[in-house]
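What follows is each chain in one-letter form.
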Amino acid sequence: MKYRITARTHQGLVREHNEDNFILNPDQRYQNWYFDARRLYDITDSTALWVVADGMGGANAGEVASEMAVMHMKEAFSRFDPKTSEPVDFLKNAIVEANKKIYEAAQFDSGKSGMGTTLVAALALGDQLYVSWVGDSRAYLFRNGTLIPITKDHSFVQQLVDAGKITPEEAFYHPQGNIILQSLGGEPGKVKPDVTSLQLKAGDRVLLCTDGLHGMLQDAVIQDILTQYSDFEDAANHLIEAALTEGAHDNVTLILAEMVQVPAGTMYDKPADFRRNSLRTIKSEQESDHAKPAETKENKRFLIIILFGVLVLVFAAGILVPWKTIISPSNNSDSIKVDTPMVIHPADTPLKNRSEEQVIKNPSLPSQQTLPTPSQPEKPQQSGPNQIPVVRQTPATPVNKPVQDTTADEKPVSIPIQKDTLTTKPIDSPKRPIQPDSTAIFEKKTKL
């Protein structure tokens, strides 16, 4: 028997940061802590571990506690040998050790005092599933259209349900639903994880989630979504969307696995690169363990089109920039650059000097230029190899604006040209009514 698996985590609509964490190893033989929802993993001859944790505590201490919990489970699973270790003992010991580490870290650092986390872990060994938990993170089995709880919350309202004082429906709306009786980070010796097991069958779906999901959606709503969407990826997406529709007062995290019966002799894909979608957020150390998705051909094609368009615009701008050229009238047709030729009228010179020939010197020119006196007729300047053509004007009023020219040797100047949402689909299900003391419902979990 093979199985598919996927996961989601969302910050929610109220919390400032995400204190949930999860890890999963679809197949211990590969020691790859990533997943690809498109792949089929072998569950008959292998071992898998799926873990979800919901942190709590001041500042960011809840995130620290949940991360410490899942990372310790990851480390412990790397040493697990199904041939010599009992699955039940492995889960219990690993969770107890994680609790001790979190407790000691909180005692050492006053800023992390009181931090803790809930945790639910599933160990799939062949077609046998072992589930262990502390707190109110849950595991469900969806079989033949029915949602069956695997875990039982370590919470105050669950005690009321067990005592027959309230119904499960009343527990969903109870104002003290945030009070839990056990969590990792408590005093060693007082945290006692529960363990249960069941046999998996083809068509089964296993759901692990934090109270950010089951606290927003009643079990009947979760069951309807899993029934309505045959594709388990779509089902995972709509579970998150439904929680957001209801307000998502807490972080929302889930792992969803689906058992698949594959005919004998059918080839199936081995674990491949990690694939993200718009709702998935992988955090902290787990992010560095995942293979990054390669750039798609569509992205490369789009980038090439943009670069080509920019080059065309720059080239067109360079052609359209106007420029002037001056071609020398000399016999050898050489072009001469005239930086700032002066245009002077005889009226601009003093009267006492008008009878004399005026000489204008330009330091940028290799030779001198002369203007005739008013009594002499103006003769056109003869062009020669050592003479520089001068532009003359005789306007009614003096011209003071210099005329600038450019030569044909100058190059034209090119002017540079500057140039996840989440789709919410309402679910036809009863919304959670607002309680008079609704503030208490969504406060951080506290321990008795």
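Below is a short write-up of the structure. Quick caveat, the model's predicted, so the values are computed rather than measured.

Structural notes on the nonpolar core
In step 1: The biggest cluster of nonpolar side chains holds 30 residues, and the ones touching the most others in it are V51, M73, F90, L91, L119, L123 and L184.
In step 2: Those elements that place two or more of their residues in this core are β4 (47-56), α1 (61-78), α2 (87-108), β5 (116-125) and β6 (128-134).
In step 3: Apart from the residues lying within four places of it in its own chain, the contact partners of L91 are L49, M73, A121, L123, Y130, V131 and S132.
In step 4: Grouped together as the second largest cluster of nonpolar side chains are 28 residues, Y3, F22, Y41 and I150 included.

Observations concerning the sheet that holds strand β1 (residues 2-10)
In step 1: One open sheet accounts for six strands, arranged β3-β1-β12-β11-β7-β8; its pairing is antiparallel. Edge positions in the sheet fall to β3 (41-42) and β8 (146-149), since each has one partner strand and no second.
In step 2: The pairing of strand β7 (residues 138-143) with strand β11 (residues 205-209) spans five bridges and is classified as antiparallel. By the bridge assignment for β11, A139 is matched with L208.

Some remarks on the sheet that holds strand β10 (residues 194-199)
In step 1: Reading across from one edge, β2-β4-β5-β6-β10 is the order of the five strands in this open sheet, with antiparallel pairing throughout. Edge positions in the open sheet fall to β2 (20-25) and β10, since each of these has one partner strand only. Averaged over neighbouring strand pairs, the angle between their axes works out to 10° when direction is ignored.
In step 2: As paired elements, β6 and β10 share six bridges and run antiparallel to each other. From the neighbouring strand, Y130 faces β10, where its bridge partner is S197.
In step 3: Here α1 sits on the sheet and contacts β2, β4 and β5; the angle it forms with β4, its principal contact strand, is near 165°.
In step 4: The strands that α2 touches are β4, β5, β6 and β10; relative to β6, the one it contacts most, it runs at about 25°.

Examining unusual backbone geometry
Generally, phi is negative for residues other than glycine and the peptide bonds are trans, each holding for most cases.
In step 1: Even without a glycine there, the phi angle at N144 is positive, about 55°.
In step 2: Summarising the element assignment, N144 is placed in the loop between β7 and β8.
In step 3: Among the residues examined, N144 registers a relative accessible area of 76% and is labelled exposed.

Reading the values: the criteria
Residues numbered from 1 in each chain as written. Predicted model: local features only at pLDDT ≥ 70, side-chain atom pairs only at ≥ 80, totals over all residues. Heavy atoms only, no water. Core = buried A, V, L, I, M, F, W, Y, C linked by side-chain atoms within 4.5 Å. Buried < 20%, exposed > 50% of the residue type's maximum accessible area, 1.4 Å probe, protein only. Helix = DSSP H or I, 4+ residues; strand = E, 2+ residues; numbered from the N terminus. Contact = heavy atoms within 4.5 Å. Pairing = 2+ DSSP bridges. Axes fitted to C-alpha atoms, helices over the stretch in contact; angles between N-to-C directions.

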